[in-house]
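# Report on the structure
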Amino acid sequence: MRNRANVFLAAAFIICMIPAAALALSPYSEDFEGLNQSDTGALGAAGWLVFGNVFGSDGAYWYGYGVFPAPNDGGGFCQIALGEGGAGQGAQVMVVFSDYNNADHGNGATIEALVFQEHLIGPGDVGETWIFEFDAKRGNLEGATTAAAFIKTLDPNNGYAQTNYFPIDMTTASTSWTGYAIAITITPDLDGQLLQTGFSSRATNYEGSGVFYDNLEFYNN
């Protein structure tokens, strides 16, 4: 199993090979219609990543695992779902849920599943405001399960410490499709940091945790 440090040591080497002008945020959009729903690697190939955090029943941090390409097999983290879209979502959407492959669900642990796209902030991004828009509807959240959408930034020069976290609580999201947006303004201290846009789920005891997402847009306002 690769850990986060190993992944980003390799990433840092690659970054050093890229001209400084190429280090900048890039807009993206995703409606999942162009992805092969039966391909277990479809989400990973589209740039989606996952990471898991595990907490004891007392809230103590146990361990983390990842970063891995996002799976599309229904066992953990996320999957391309059929038949859940409304008139504005089309045939395919993404559902985010807990990592049910982690047996610590049965040991009373809370599994936090993170599903995200990752971007590198460059000097040319300073002063810009970037917006993450998406449609969502609540699925089968049960018991103590919680869910969120977020923009966050991480500092690779400080142990990947989280420097910003802008969440939207999706735990009580409507069961009808609704549009949401999160914004971040890039300040000078964020140059060279990582920016993640994505979704999280926290669940225990194999409780239901699905939230559906579609029509994702990340752009500079």
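Residues numbered from 1 in each chain as written. Predicted model: local features only at pLDDT ≥ 70, side-chain atom pairs only at ≥ 80, totals over all residues. Heavy atoms only, no water.

The next thing to look at is the pattern of salt bridges. Enumeration according to the criterion identifies two salt bridges in this entry. K137 is the partner of E84 in a salt bridge, and the nearest nitrogen-oxygen pair spans 2.9 Å. With E84 in the loop between β4 (76-82) and β5 (92-99) and K137 in strand β7 (residues 129-138), the pair connects residues that are 53 residues apart, well separated along the chain. A relative accessible area of 27% places E84 in the partly exposed class. Close ionic contact of R202 with E112 constitutes a salt bridge, the shortest N to O distance being 3.7 Å. In this pair, R202 is assigned in strand β11 (residues 194-204) and E112 in strand β6 (residues 110-120), connecting sequence segments 90 residues apart. Residue classification places R202 among the partly exposed positions, given a relative accessible area of 30%. E112 gets classed as buried once you look at its relative accessible area, which sits at 15%. (Salt bridge = Lys/Arg side-chain N within 4 Å of Asp/Glu carboxyl O. Helix = DSSP H or I, 4+ residues; strand = E, 2+ residues; numbered from the N terminus. Buried < 20%, exposed > 50% of the residue type's maximum accessible area, 1.4 Å probe, protein only.)

Pairing in this open sheet of six strands is antiparallel, and the strands run β3-β2-β6-β11-β8-β9 from one edge to the other. Only two strands of the sheet have a single neighbouring strand rather than two, namely β3 (61-69) and β9 (161-169). Neighbour-to-neighbour, the strand axes of this sheet turn through a mean angle of 25°, independent of strand direction. In terms of strand pairing, strand β2 (residues 49-55) meets β6 through seven bridges, oriented antiparallel. Across the sheet, residue F51 finds its bridge partner in β6, namely L114. (Pairing = 2+ DSSP bridges. Axes fitted to C-alpha atoms, helices over the stretch in contact; angles between N-to-C directions.)

By themselves, these observations are geometric and do not establish any function.
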